[in-house]
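# Structure assessment
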Amino acid sequence: MAEFFTTTYLGIGLLIVGQVLLLVVPLLIALAFLMYADRKIWAAVQMRRGPNVVGFYGVLQSFADFLKYIVKEVIIPAGADRAVFIMAPLVSLVMALIAWR
């Protein structure tokens, strides 16, 4: 069984996917709890009820926000060059990441 994960492409691929999931899933769960706590704390600071409408105790609020951002219309100014307007944030991010390395 151990040689399956070290000699075959499928085994190596499964091992890599398993390791990635082992790292990413706990991080995503921790991030979800931190976002939930952040929303609840800021709701208490502002003396409002908080995001407890979507799902069980507001657990699905982040997914609702994500869906809202996905279906939101992108507004490009009439006088702007469309390609430059869309590519400028991507280029600045890539250059910052290259400089960081």
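Residues numbered from 1 in each chain as written. Predicted model: local features only at pLDDT ≥ 70, side-chain atom pairs only at ≥ 80, totals over all residues. Heavy atoms only, no water.

### Digging into the confidence of the model for the protein chain
Residues with a pLDDT of 70 or more make up 94% of the protein chain, whose mean pLDDT is 85. When mean pLDDT is taken per element in the protein chain, helix α4 (residues 82-100) scores highest with 92 and helix α1 (residues 4-7) scores lowest with 76. (pLDDT = per-residue confidence, 0-100. Helix = DSSP H or I, 4+ residues; strand = E, 2+ residues; numbered from the N terminus.)

### Some words on the side chain of D65
If you trace the backbone, D65 turns up in helix α3 (residues 61-71). Within polar-contact distance, the side chain of D65 engages the side chain of R39 at 2.2 Å. (Polar contact = N/O pair within 3.5 Å; in protein donor to acceptor, adjacent residues only side chain to side chain.)

### Observations concerning a nonpolar patch on the surface
Residues I12, I16, V20, L23, V24, L27, L28, L31 and M35 make up a contiguous nonpolar surface patch of roughly 780 Å² in combined accessible area. With respect to the secondary-structure elements, I12 resides in helix α2 (residues 9-45). (Patch = residues over 30% accessible without salt bridge, like charges linked within 9 Å, V, L, I, M, F, W, Y side chains within 5 Å. Areas by Shrake-Rupley, 256 points an atom, 1.4 Å probe, with all protein chains shown as cover. Salt bridge = Lys/Arg side-chain N within 4 Å of Asp/Glu carboxyl O.)

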